[in-house]
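# Coordinates in review
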Amino acid sequence: MEVLTRSILALLLSMVVSGIILIACGYNPFTAYGALCVGAFGSVRGIAQTLTQAIPLIFTGLAFTFAKKTSLINLGVEGQMYMGALGAALVGTVDLGLPSVLHIIIAVSSGILFGAGYGAIIGVMKVKFGSNEVVAGVMLNSIATCLVGYLLNGPLLAEGSVVAQTEQVVKAARLPRIFSQYQVTIAIFLAIAVCIFVNWFIKRTVLGYEIRCVGLNPKASETAGINIEKAIIIAMCVSGGIAGLAGVNQVLGVDRRLINSFSPGYGFNGIAVSALAAENPIGVIFVGVLFGMLRAGAMELNRTAGIPIEFIDVIQAMVVIFVAAPLLLDEVLKVKNLCVKKNDAEMA
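Residue numbers run consecutively from 1 along every chain, following the written order of its sequence. Two thresholds apply to this predicted model, a pLDDT of at least 70 for residue-level local features and 80 or more for giving and counting side-chain atom pairs, whereas whole-chain, interface and lining totals are computed over all residues. Values reported for side chains reflect all heavy atoms of the structure, with hydrogen atoms and water molecules removed beforehand.

## Section: empty space enclosed by the protein
Buriedness for pockets is judged along seven lines, at least five of which must meet protein on both sides within 12 Å for an open set on the 1 Å grid over protein atoms alone, while cavities are sets there where a 1.4 Å probe fits but cannot get out, and lining residues have an atom within 4 Å of a point. Grid points are joined across faces, edges and corners, and a volume is the space filled by probe spheres set on the points. What the rule picks out here adds up to one cavity of 30 Å³ or more. Considered as a void within the structure, the largest cavity measures approximately 30 Å³ in volume. Every residue lining the largest cavity is listed: Phe64, Asn74, Leu75, Gly76, Val77, Glu78, Gly267, Phe268 and Ile271. Listing elements by their share of the lining of the largest cavity, those giving two or more residues are helix H4 (77–92) and helix H11 (266–276). Helical segments are the DSSP runs of H or I of at least four residues, strand segments are the runs of E of at least two, and each set is numbered from the N terminus.

## Some details on the pattern of salt bridges
Where side chains of opposite charge bring their charged atoms close, a pairing between them can arise. Salt bridge, as used here, is a side-chain nitrogen of Lys or Arg placed within 4 Å of a carboxyl oxygen of Asp or Glu. For the structure shown, the criterion picks out three salt bridges. Note that Lys68 is salt-bridged to Glu279, the shortest N-O span being 3.7 Å. Remark: Glu279 occurs in the loop between H11 and helix H12 (281–305) and Lys68 occurs in helix H3 (residues 44–68); sequence separation between them is 211 residues. Buried means the residue's accessible area, taken with a 1.4 Å probe over protein chains only, is under 20% of the maximum for its type, while exposed means over 50%, and partly exposed covers the values in between. Judged by its relative accessible area of 27%, Glu279 falls in the partly exposed class.

## Remarks on unusual backbone geometry
With a phi close to 60 degrees, Ser261 is a non-glycine residue in the positive phi region. If you trace the backbone, Ser261 turns up in the loop between helix H10 (228–254) and H11. One non-glycine residue with positive phi stands out, namely Glu279, at about 55 degrees.

## Section: the nonpolar core
As a rule of thumb, soluble globular proteins bury nonpolar side chains together. Counting 90 residues, the largest nonpolar core has Phe59, Val251, Leu252, Leu258, Phe291 and Leu301 as its most contacted members. Element by element, the count of residues in this core is highest for H10, at twelve residues. The contact definition used throughout considers only heavy atoms, calling two residues in contact when any of these lie within 4.5 Å. In this view, Leu301 contacts Ala32, Ala35, Leu36, Gly306, Ile307, Pro308, Phe311 and Ile312; residues no more than four positions away in its chain are not counted. In these notes, a set of buried Ala, Val, Leu, Ile, Met, Phe, Trp, Tyr and Cys residues joined through side-chain atoms within 4.5 Å is what counts as a nonpolar core.

## As for the packing of aromatic side chains
Two rings from Phe, Tyr or Trp (for Trp, the six-membered ring) form a pair when their centres sit within 6.5 Å of each other. Planes less than 30 degrees apart are called stacked, planes more than 60 degrees apart edge-to-face, and all others tilted. One pass over the full model with this rule turns up five aromatic pairs. Considering the side-chain rings of Phe197 and Trp200, the 5.7 Å spacing of their centres and the 40 degrees angle between planes classify their relative orientation as tilted. Note that Phe197 and Trp200 are positioned in helix H7 (residues 187–204) at a spacing of three residues, about one turn of the helix. Relative accessible area serves as the criterion here: at 48%, Phe197 is assigned to the partly exposed category. For Trp200, a relative accessible area of 44% corresponds to the partly exposed category. Following the ring pairs from residue to residue traces out a cluster consisting of Phe66, Phe197, Trp200 and Phe201.

## Side note on the side chain of Ser161
Structurally, Ser161 can be placed in the loop between helix H6 (133–153) and H7. Its relative accessible area of 19% is what places Ser161 among the buried residues. The definition of a polar contact used here is a pair of N or O atoms within 3.5 Å, where within protein one atom must be able to donate a hydrogen and the other to accept one, and adjacent residues in sequence count solely through side-chain atom pairs. A polar contact of 3.4 Å, which involves the side chain of Ser161, links it to the side chain of Gln165.

## Observations regarding H3
Taking 1.5 Å per residue, 25 residues should reach 36 Å; H3 reaches 36 Å between its end C-alpha atoms and fits that length. Two axes enter the bend calculation: one fitted to the seven residues ending at the residue in question, the other to the seven starting there, and the bend is the angle between them. The principal kink in H3, of about 25 degrees, is found at Ala54, preceding the proline Pro56 by one to four residues. Of all 25 residues in H3, 19 are buried, a share of seventy percent or more. In this analysis, the expected span of each helix is defined as 1.5 Å times one less than the number of residues it contains.

Written as structure tokens, this is what we have:
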């Protein structure tokens, strides 16, 4: 309950401070937040766009959360997402002559394997060579985006296209859309299912217990006979595979082809999602939808209130700042508790 209180308080403080920034810039915060809500939930199109934006955020937030269970900071989620997208595109754009269900399963599995393999590189570098996972992740992000950019401008470039992109994914490999006229796909159900499974896996399985133990106390875990190196590599591998699913959804469902620079920073936004969810896999679902709402409402925010859509990044940054400042939140909670005690004393 205390963790939930911290997250809610961090969100409220971020909204208040962001509102103050809006006022300082000459905008009305109530108009801005009203426009966000209308843009995100005021129509079927808005709801569909909210879910479309939420799917990759849920996957990337969960990827960061899983790695964090072993106290690993996986800043390579963006690169793993790109590799997952590449894996899905390599299979999805080729007509294999298979039934749709089977082709989708193979394409999704390919994306997961590409993301998992790329995540495993960070784990192997850490346990075998003592590499810092943060530095390795950031560097591998650059390699992944550059590699995908090269392939899309060369070997995988669609015939006759002036845009760096692949051919369209064949119909048999496309993820079904919930609404035919909108981009939200059945991947939203997959995202929810993966979050529930990860929550069960972490809490109810032996391997999940070992991963948590390594995150809480590596030395004690080693003393108890837990293979720390194995736990770290598996954690990064699974984290990368989950991140790969974010890229799979964009290729097979949203864009239906691999487009260069398709991500507006979903991998890094996943950090904010994980932080506000207090690294709880179930909480990632709700926070992912919340952040999806912010992104979906950004266009309405710009159209009706004339506020730059980059303001959404300000809110997300504030969330990270307040979640990362537990001492500040403790002081706020102390003030709240003192006020409650004072009121109880006066009533008595």
